[in-house]
Amino acid sequence: MKVASLLPSATEIAVALGLGDDLVGRSHECDFPPAVQRLPVCTATKLEKGLRSIEIDRRVQEIVRQGLSVYEVHAELLRSLKPDVILTQTQCAICAVTPADLEESLRAWTGAQPELVSLAPDTLDDVWGDIRRVGAATGRETQAEQVVADLQARLARLRQAADQLPKRPRVVAIEWFDPLMGAGNWIPELVEIAGGEPLLAAAGQHSPMLDWSALVDADPDLLVLMPCGYQIPQSVADIEAVSGEPRWRQLRAVAEGNVFIADGHHFFNRPGPRLVESTQILFKIFRATFDGGDAGDGWIRWRSTP
């Protein structure tokens, strides 16, 4: 079995199913576990490095208006690897390679075409279903059931721990700075399991555009900033996109020092096994609002300057 994964979360799913040695190719963003970085890179992005959130949004819109994809597939390399299965996604054309990006490569394929497994999760149940789908396509059905059971058990233990928090904080999770977007899909479920009350986004629905007046009216107890594709240093470098808004300082979370930045790139934006670690991060953040913690693995507290 040869597997090419063009999606970071799918790569993590494959490894969790024991397929690490069967992976023959990856996307340019697949970087966990570290051992996968030895694999040939089969995709590239058309976005320049170092862009701010508003610049990324404008560049993406420009590419889309031209009827182009945000990504390139190295078709000849992919065909030379002769994968039996290709893992991709249809959840978001801006986040990773989609089946449409693979059309030209598949048209030029010689011999038996690989099976295309396209993931499209909106909820935690969808993520469990995707793990099972990858398992079914690779002959790892038993392993998939065990992985799902283990992940669900870990989340159940987290829910029990979260029940011991002094209260459930009202939480707004931010998925993009400029334009302002809330974090939808599976994120409200993670917030609820970790002991919070999610605001301005609904489980199973795509991440909504947010109006600043709505955010001020919601006035959450805390904010968790987790921009899609951003690691913590990138979020810190671009935080003026939100902190520079005059209404920012009207928020209770800002006034009380309960603004947190999480590593969206490696955790929350990847609908795979590490959503459990993402939930652990949220639990630690919520607990930090009571015990004063300032940082942990995958998160920091951000304090505004006077």
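This one's a predicted model, so the numbers in the text were calculated from it and none came from an experiment.

Asks: I'd love a proper account of the pairing of strand 5 (residues 85-89), names of residues and values included.
Replies: Counting buried positions along strand 5 yields five of five residues, so the element is predominantly enclosed. Side chains of strand 5 alternate between two faces, with Val 85, Leu 87 and Gln 89 and Ile 86 and Thr 88 buried alike. Here strand 1 (residues 3-5) runs beside strand 5; their pairing, made up of three bridges, is parallel. Bridged to Ala 4 within strand 5 is Ile 86.

Asks: Any details on the packing of aromatic side chains? Residues and values, ideally.
Replies: One pass over the structure, following the stated rule, counts four aromatic pairs. On the basis of an interplanar angle of 65° and a centroid distance of 5.4 Å, the ring pair of Trp 176 and Tyr 230 is categorised as edge-to-face. Taken as a pair, Trp 176 in strand 7 (residues 170-176) and Tyr 230 in the loop between strand 10 (222-225) and helix 9 (232-238) lie far apart in primary sequence, 54 residues in all. Taken together, a centroid distance of 6.4 Å and an interplanar angle of 85° make the contact between Phe 177 and Tyr 230 edge-to-face. Note that Phe 177 is positioned in the loop between strand 7 and strand 8 (181-182) and Tyr 230 in the loop between strand 10 and helix 9, a separation of 53 residues in sequence. Assigned by exposure class, Phe 177 and Tyr 230 land together as buried. Cluster of aromatic residues (ring-pair linked, three or more members): Trp 176, Phe 177 and Tyr 230. Above the ring of Phe 32, the side-chain terminus of Arg 274 is found at 3.6 Å from the ring centroid.

Asks: Summarise unusual backbone geometry; cite the residues concerned and give the values.
Replies: Between Phe 32 and Pro 33 the backbone carries a cis peptide bond, its omega angle lying at -5°. Phi at Asp 219 is positive, roughly 45°, even though this residue is not glycine. As for its placement among the helices and strands, Asp 219 is situated in the loop between helix 8 (212-218) and strand 10. Take Asp 219: its relative accessible area is 19%, and that puts it in the buried class.

Asks: Pulling in residues and values, what's your account of the side chain of Thr 11?
Replies: Its location among the elements puts Thr 11 in helix 1 (residues 8-16). Other than its neighbours up to four places away in sequence, Thr 11 contacts Ser 5, Leu 23, Cys 30, Phe 32 and Val 36.

Asks: Kindly report on the sheet that holds strand 6 (residues 115-119), identifying the contributing residues and their values.
Replies: Taking strand neighbours across the sheet as the criterion, the four strands line up as 2-1-5-6 in an open arrangement whose pairing is parallel. Only two strands of the sheet have a single neighbouring strand rather than two, namely strand 2 (23-26) and strand 6. Here the average twist between neighbouring strands, direction ignored, is 20°. Here strand 1 pairs with strand 2 via three bridges, running parallel. Across the sheet, residue Val 3 finds its bridge partner in strand 2, namely Leu 23. Where helix 1 meets the sheet, its contacts fall on strand 1, strand 2, strand 5 and strand 6, and the angle it forms with strand 2 comes to roughly 165°.

Asks: How would you explain empty space enclosed by the protein if you had to name every residue and give the values?
Replies: Gaps left between atoms are located by rolling a probe of water-molecule size over the structure's atoms. Counting across every chain of the model gives two cavities of 30 Å³ or more. As for the largest cavity, its lining consists of Val 171, Val 172, Ala 173, Ala 183, Ile 187, Pro 188, Val 191, Pro 198, Leu 199 and Ala 201. Secondary-structure elements contributing two or more residues to the lining of the largest cavity are strand 7 and helix 7 (187-193). Its residues assigned to classes, the lining of the largest cavity shows ten nonpolar, no polar and no charged.

Basis of the calculations
- Residues numbered from 1 in each chain as written.
- Predicted model: local features only at pLDDT ≥ 70, side-chain atom pairs only at ≥ 80, totals over all residues.
- Heavy atoms only, no water.
- Buried < 20%, exposed > 50% of the residue type's maximum accessible area, 1.4 Å probe, protein only.
- Helix = DSSP H or I, 4+ residues; strand = E, 2+ residues; numbered from the N terminus.
- Pairing = 2+ DSSP bridges.
- Phe/Tyr/Trp six-rings, centres within 6.5 Å; stacked < 30°, edge-to-face > 60°.
- Lys NZ or Arg CZ within 6 Å of the ring centre and 35° of its normal.
- Contact = heavy atoms within 4.5 Å.
- Axes fitted to C-alpha atoms, helices over the stretch in contact; angles between N-to-C directions.
- 1 Å grid on protein atoms, 1.4 Å probe; cavity = no way out; pocket = protein on both sides within 12 Å on 5 of 7 lines; lining within 4 Å.
- Points joined across faces, edges and corners; volume = space filled by probe spheres on them.
- Nonpolar A, V, L, I, M, F, W, Y, C, P; charged D, E, K, R; others polar.

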